[in-house]
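Summary of structural features
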Amino acid sequence: MESSIDISTTDTTPGLYIHIPFCKSKCPYCNFYSVTSFSMIDEFLNALVREMEMYREAFTRFDTVYIGGGTPSLLAIEHFDSILSNIRNTFILSPNPEITVEINPADSPQEYLESIRRLGFNRLNIGVQSFDDKVLTFLKRRHSVREALDTIEAAGNAGFENIGIDLIYGIPGQNMTSWLDTVSQALSLNLAHLSCYQLTIEAGTPLGLRHHRGEIVLHDEELQHAFFIKTSEILENAGYVHYEVSNFARDISLASKHNQKYWNHTPYLGLGPAAHSFMGHKRWWNHSSLDEYIGDIEAGKLPLDSSEILTREQLHLEAFFLGLRTKRGIHLHNYSCTYGYDLISEKADTLARLVKAGFIEINEGYLLPTRTGLAVADSLVSILAFE
Ligand code: SF4
């Protein structure tokens, strides 16, 4: 796993992601890999331990651990205990690692959260999605607004200080008033972290099929843009830092350290079905099938679906894409040294036009997206990359 390109970021310690591939039921908008039968939990956990062992040499140290899914909170406390013990026995965790677990409000009573906290988890990400019961019903979530609020309170009582929630906007039938009520409810909770995602219709999901049949209509681009801008304005006025297109932290020190690795080209190892990994110039990912994942590991093989070697050009475009989605932006000098591409001289006219139009700023050596730029970050990348 050697790298031929030096990816210069201040953070070079890898992060560890573990995908728990079980859900009680499938939400109609979701295309993350999971199964709704729990019959293979034990085989999965055994395979996971063996997969850790397979990477013992290639990855020695992590400073973040993120257990996502799927629905990790379907696991018993003994399962989490075993996962964390095996991580600690196989790898080195830096002092004060960020250890996050995603939980569903439908299955996380206070005693459960207290046990999770005692095991060493110090950050919770709660899949709230909305504080409007009608929206939760549309999304076929298993929890109510009351349960979400109770879980957030229970998480605080259990000793969690770093609590984040996921919210979704742009849902058919959800108007601006409903969304802004959700935002203001979230603000009243004074949480460390808020992720506000625009609903995307994924082909092949039940919602995608309904959309294809014309049974649901999405909001037009103008309204989606208004959702984004209003959310950013309200949360930033309340003191949150809008540090990535969909992410807000009450203070920049509370930004997700793990997720920043994805945006900074820092190495990460993903274990479990469908998990992705990245190091240097190589990306690889596991089978999106629990059977194949377990089968390969039992046969003594890495459970790889595929891998790719990124060229210098691809890495440079990706760094560009990722950088323009973050408030940190792109450090022009480091970018030029790392990728051999001088944006200022190569794209002078385009940059000047985008600065004039209010999409980007160039400040103290950084190329930064403005709020309007963040709203159209993907289009900015196309303009800058291909004009
Ligand atoms: S949104 Fe979460 S709970 Fe729903 S199906 Fe996807 S992974 Fe499972």
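Residues numbered from 1 in each chain as written. Predicted model: local features only at pLDDT ≥ 70, side-chain atom pairs only at ≥ 80, totals over all residues.

**Regarding the site of the ligand**
Near the ligand you find Cys 23, Lys 26, Cys 27, Cys 30, Phe 32, Ser 34, Gly 69, Gly 70, Thr 71 and Gly 127, and these make up its full shell. Here the residues of the shell around the ligand are counted per class, giving 4 nonpolar, 5 polar and 1 charged. (Near = placed C-beta within 6 Å. Nonpolar A, V, L, I, M, F, W, Y, C, P; charged D, E, K, R; others polar.)

**Things to note about the sheet that holds strand β15 (residues 366-369)**
The strand order across the open sheet formed by 3 strands is β13-β15-β14, and the pairing between neighbours is antiparallel. Whereas interior strands pair on both sides, the edge strands pair on one side only; in this sheet they are β13 (330-331) and β14 (360-363). Pairing analysis gives 2 bridges linking β13 to β15, with the strands arranged antiparallel. Of the residues in β15, the one forming a bridge with Ile 330 is Leu 367. (Pairing = 2+ DSSP bridges. Helix = DSSP H or I, 4+ residues; strand = E, 2+ residues; numbered from the N terminus.)

**What to know about the domain arrangement of the chain**
Interface extent is often summarised as the accessible area lost during association of the parts. For the chain, the domain assignment lists domain 1 (15-263) and domain 2 (312-386). Each of domain 1 and domain 2 was reduced to a C-alpha centroid, and the two centroids are 29 Å apart. Each side of the interface is counted separately: domain 1 has 10 residues, and domain 2 has 8 residues. Secondary structure elements with two or more residues in the side of domain 1 that touches domain 2: α8 (221-237) and β7 (241-244). Here the side of domain 1 that touches domain 2 is built from residues that sort into 6 nonpolar, 3 polar and 1 charged. (Domains from an automatic or database assignment. Contact = placed C-beta atoms within 7 Å.)

**Description of the packing of helix α6 (residues 176-188) against α8**
Running from amino to carboxyl end, α6 crosses α8 at an angle of 25 degrees, the nearest separation of the two axes being 11 Å. Considering the angle they form, α6 stands roughly parallel to α8. In terms of crossing hand, the pair formed by α6 and α8 is right-handed. Along the contact surface, α6 presents Met 176, Trp 179, Leu 180 and Val 183, while α8 presents Ala 226, Phe 227, Lys 230, Thr 231 and Ile 234. When the residues that make up the contact of α6 with α8 are grouped by side-chain class, the tally is 7 nonpolar, 1 polar and 1 charged. (Axes fitted to C-alpha atoms, helices over the stretch in contact; angles between N-to-C directions. Parallel < 35°, antiparallel > 145°, perpendicular 65-115°, else oblique. Left-handed = near helix turned anticlockwise from the far one by under 90°.)

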